[in-house]
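What follows is the residue order along each chain.
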Amino acid sequence: MAAVFTNPYREHVDAVERLAAVGVHPPQPWQELRTRWADTDIATESAVDRYADAIVTGATEDLTTLHTLALAEAAATPQSRAAVTGAVQQRVLRKLRTIYAANADSNYRKVAALFDKAAATFGKCAAVVDPETDAADLVQADDRTRKAWVDALLAARELDALLPVLASAAALAGARTGSAEAQLALSVDTRGLHRRAVWTAFDSSGRCGRWSAIAAITQIRALPDLAKLEPYRRAAPMQEKHLKVGRGMYRKVVVDPEDEPAEPAADRRGATVLG
């Protein structure tokens, strides 16, 4: 498998810009530093050109300094240029993170409020009509029901768009949110639920993606306290066990290790018999 290289600077900036796209902006000093570095990083005028222009136009710039910069530029290798850029970028990134940290928690709460608003809208619609209802079955429905059916889809799309923003906001506040396990914990109230049922809902797809299945069993919500974020592990695979049903007689059954008790003590009703 080929190695995957990441750019922490790019990841940080992308996360901040993801929040900005929904109206949650970084502090002004962050933006100013980001702009200064971006302007420097994409500068196209070489030191040689600046030196030549200064001589030709009679500019008042320091010709000695420009000459020195032109010589250094001519002697630079791609490796040395990359080393300089990388070193400066690391310093810029550390400062950007420091600046942003002061707003990270409040910005997470702002994104969480947007997510919760979309979740509340979806929940209200789902209380009126099953969002997965076939359109043909709504021909005779009243206006309120049809509107709820349409609005549910719009809210689901908003939730789809906001979930990665919510994960980015949490990451900027110091949480690890790159996994589906973490994103489920960020967006779903799992208290008191069967682990397999939760994952079945989260992995489902339909007209409104996963949200209809989740809303049917629990609350869609942004985790209120990031300090309590704990990735919600996937359900363990179903298991085959040999259940003793008589002297020297066994029956092969499928059991769910997420059930309680995990080990069947008798021939439980509802078990799937394989043999």
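Located above this text is the structure these notes cover.
Residues numbered from 1 in each chain as written. Predicted model: local features only at pLDDT ≥ 70, side-chain atom pairs only at ≥ 80, totals over all residues. Heavy atoms only, no water.

Q: Quick one: what's the story with the pairing of strand β2 (residues 249-255), residue by residue and with numbers?
A: Two elements, strand β1 (residues 239-246) and β2, share seven bridges in a ladder whose sense is antiparallel. From the neighbouring strand, G246 faces β2, where its bridge partner is M249. Taking the residues that link successive antiparallel strands as the turn, the β1-β2 hairpin has two residues, and the phi of G248 there is positive, at about 70°. (Pairing = 2+ DSSP bridges. Helix = DSSP H or I, 4+ residues; strand = E, 2+ residues; numbered from the N terminus.)

Q: Which residues make up the packing of aromatic side chains, and what are the values?
A: Counting across every chain of the model gives two aromatic pairs. Residues W199 and F202 carry aromatic rings whose centres are separated by 5.7 Å and whose planes lie at 85° to one another, so their mutual orientation is edge-to-face. Within this pair, W199 and its partner F202 are both found in helix α8 (residues 195-202), separated by three residues, close to a single helical turn. F202 matches W199 in its accessibility class, with the two residues each being buried. A cation over a ring is seen here: R210 above W211, with NZ or CZ 5.8 Å from the ring centre. (Phe/Tyr/Trp six-rings, centres within 6.5 Å; stacked < 30°, edge-to-face > 60°. Buried < 20%, exposed > 50% of the residue type's maximum accessible area, 1.4 Å probe, protein only. Lys NZ or Arg CZ within 6 Å of the ring centre and 35° of its normal.)

Q: Which residues make up the packing of helix α5 (residues 78-128) against helix α6 (residues 143-172), and what are the values?
A: Here α5 crosses α6 at 160°, and the two axes come no closer than 8 Å. Considered as vectors, α5 and α6 are oriented roughly antiparallel to each other. Both α5 and α6 take part in a crossing whose hand is left-handed. (Axes fitted to C-alpha atoms, helices over the stretch in contact; angles between N-to-C directions. Parallel < 35°, antiparallel > 145°, perpendicular 65-115°, else oblique. Left-handed = near helix turned anticlockwise from the far one by under 90°.)

Q: Provide a residue-level description of helix α1 (residues 8-20), including the pertinent values.
A: For α1, which comprises 13 residues, the first-to-last C-alpha distance of 18 Å matches the rise-based estimate of 18 Å (1.5 Å per residue) to within 8%. Taken as a whole, α1 has its buried residues at Y9, H12, V13, A15, V16 and L19. Looking straight down α1, one finds that the buried residues subtend no more than 155° of arc, so they occupy a single side. Among the residues of α1, the N-terminal cap falls to N7, whose side-chain oxygen and the backbone nitrogen of Y9 are separated by 3.0 Å. (Expected span 1.5 Å × (residues − 1). Arc of directions from axis to C-beta. Polar contact = N/O pair within 3.5 Å; in protein donor to acceptor, adjacent residues only side chain to side chain.)

Q: Outline the pattern of salt bridges, supporting the account with residue identities and numerical values.
A: All chains considered together, the criterion is met by eleven salt bridges. A salt bridge links R234 to D203, with the shortest nitrogen-to-oxygen separation between them at 2.8 Å. Residue R234 is found in the loop between α9 (211-215) and β1, and its partner D203 is found in the loop between α8 and α9; the two are separated by 31 residues along the sequence. Owing to a relative accessible area of 38%, R234 belongs among the partly exposed residues under this scheme. (Salt bridge = Lys/Arg side-chain N within 4 Å of Asp/Glu carboxyl O.)

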